[in-house]
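# Tertiary structure, described
Letter by letter, the chains look like this.
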Amino acid sequence: MAESERDYCYFLDHRKFNRNIGCRLHDNAYGINGGGGERERRAADMALYRHMRSQGDPMAVPTLVGCTLYGWFFFNYHPGRWLWRGQLVRRFVKAPK
């Protein structure tokens, strides 16, 4: 990984199993582009899982489970009166006016 390249893997060592590329693709597919619904989130999670499996990464299944649960809870939009209703960061950090 080049010195100026961003580390996209927050919970895993990005230097192993080419993880940084998979995490970057996952962020670009869902997080950076503003999210979406359950279907878009699941597609991004599965793309990350497939990338990790293709690299022989033993953390592929735990990452899929963690990404799916974390993403569903914090980043998807949910109907109703839940405390966490989506795009958590946008709820707490507002752009200055």
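Notes on the structure follow. (Residues numbered from 1 in each chain as written. Predicted model: local features only at pLDDT ≥ 70, side-chain atom pairs only at ≥ 80, totals over all residues. Heavy atoms only, no water.)

## Some points on the overall build of the protein
The following threshold applies: By the criteria applied, helices consist of DSSP H or I runs no shorter than four residues and strands consist of E runs no shorter than two, each listed in order from the N terminus. Three labels apply to residues, based on accessible area from a 1.4 Å probe with only protein chains included: buried if under 20% of the type maximum, exposed if over 50%, partly exposed otherwise in between. The contact criterion used is simple: two residues touch if any of their non-hydrogen atoms lie within 4.5 Å. All accessible-area figures derive from a Shrake-Rupley calculation using a 1.4 Å probe, and residue coverage is judged against the displayed protein chains alone.
Within the protein, the regular secondary structure consists of four helices and zero strands. Out of the 97 residues belonging to the protein, those deemed buried represent 33%. Excluding contacts between residues fewer than 6 apart, the proportion of contacts in the protein whose partners are at least 24 apart in sequence is 36%. Summing over all exposed atoms, the protein offers an accessible surface of approximately 6900 Å²; the carbon and sulfur share of this is 60%.

## Section: the nonpolar core
Using the following cut-off: By nonpolar core is meant a set of buried Ala, Val, Leu, Ile, Met, Phe, Trp, Tyr and Cys residues that side-chain atoms within 4.5 Å join together.
Of all hydrophobic cores here, the largest spans 10 residues; its members are Tyr-8, Cys-9, Leu-12, Cys-23, Leu-48, Tyr-49, Met-52, Ala-60, Leu-64 and Cys-67. Secondary-structure elements contributing two or more residues to this core are helix 2 (38-54) and helix 3 (60-74). The contacts of Leu-12, once residues within four sequence positions are left out, are Arg-19, Met-52, Met-59 and Thr-63.

## Considerations on the environment of Arg-15
What counts here: Pairs of N or O atoms are called polar contacts if they sit within 3.5 Å, as long as, within protein, a hydrogen donor faces a hydrogen acceptor (for residues adjacent in sequence, only side-chain-to-side-chain pairs).
As for its position among the elements, Arg-15 is in the segment before helix 1 (19-31). Taking relative accessible area as the criterion, Arg-15 reaches 65% and is therefore assigned exposed. At 2.9 Å, the side chain of Arg-15 and the side chain of Asp-13 are in polar contact.

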